[in-house]
Amino acid sequence: MTDSGSNNDDGEHAGAGLPRQVKLYGAAAAVTAMLGGLQMAFGFPGWSFSFFLALVFGISTLAAWLKSRA
C-alpha cells in the first residue's frame, strides 16, 4: 500500500523538467500577484500596478515555456 495518489510517480517534483527561465518568470508572477493581493486587501495604493506586473510575468512565463518546447 504505497500509492500516494500522485500522478508524478518518478520521485521528482513538479517543476523538475522546466527550464530555469520558466521557473523564475513563474515565481515572479506568483510573487507580484501575491503582493498585489496584499496591497489591495490592506488598502495600499499601487495594487493595480502589481497585478499588471503579474500579468506581464505570466505572459513571459508562457512565452518562455512555449519557446522551451519548440
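Preceding this paragraph is the structure being described.
Numbers given for residues are sequential positions, taken from 1 along each chain in its written order. In keeping with the predicted nature of the model, local features appear solely for residues at pLDDT of at least 70, side-chain atom pairs appear and are counted solely at 80 or more, and the whole-chain, interface and lining totals rest on all residues. Side-chain metrics in this entry use all non-hydrogen atoms of the structure; hydrogen atoms and water are not considered.

K.L.:
Before we move on, could you go through the packing of helix α1 (residues 20–41) against helix α2 (residues 47–69) and cite the residues and values that matter?
P.N.:
Axis lines are fitted to C-alpha atoms, over the contacting stretch for helices. Their N-to-C directions set the angle, which ranges from 0 to 180 degrees. For the purposes of this entry, the term helix denotes a DSSP run of H or I that reaches at least four residues, the term strand denotes a run of E that reaches at least two, and both are numbered from the N terminus. Packing of α1 against α2 brings their axes to within 8 Å, and their N-to-C directions diverge by 160 degrees. Classified by the angle between their axes, α1 and α2 sit roughly antiparallel to one another. Considering only the axes of α1 and α2, their crossing is left-handed. In this count, Pro and Cys sit with the nonpolar residues alongside Ala, Val, Leu, Ile, Met, Phe, Trp and Tyr, while Asp, Glu, Lys and Arg are called charged and the others, Gly among them, polar. Grouping the constituent residues of the contact of α1 with α2 by class yields 14 nonpolar, 10 polar and no charged. Should an angle fall under 35 degrees it is called roughly parallel, over 145 degrees roughly antiparallel, and 65 to 115 degrees roughly perpendicular, with every other angle called oblique. Crossing handedness: left-handed means the near helix sits turned counterclockwise from the far one by under a right angle, and right-handed means the same turn made clockwise.

K.L.:
Quick rundown of α2? Include the residues and the values.
P.N.:
The first and last C-alpha atoms of α2 sit 33 Å apart over 23 residues, in line with the 33 Å expected at 1.5 Å per residue. Buried within α2 are the following residues: Ser-50, Ala-54, Thr-61 and Ala-64. Pairs of residues are marked as contacts when any of their non-hydrogen atoms sit within 4.5 Å. Residues of α2 that are buried sit in contact with α1. Here a helix's expected span is defined as the number of its residues, less one, multiplied by 1.5 Å. Throughout, exposure labels follow a simple rule: accessible area from a 1.4 Å probe, protein chains only, divided by the maximum for the residue type, with under 20% read as buried, over 50% as exposed, and the rest as partly exposed.

K.L.:
I'd like a description of the environment of Ala-64, backed by residues and values.
P.N.:
Residue placement: Ala-64 occurs in helix α2. Measuring from C-alpha to C-alpha, the distance between Ala-64 and Gln-21 comes to 6.9 Å, with 43 residues separating the pair along the chain. Setting aside its immediate chain neighbours within four residues, Ala-64 contacts Gln-21, Val-22 and Tyr-25.

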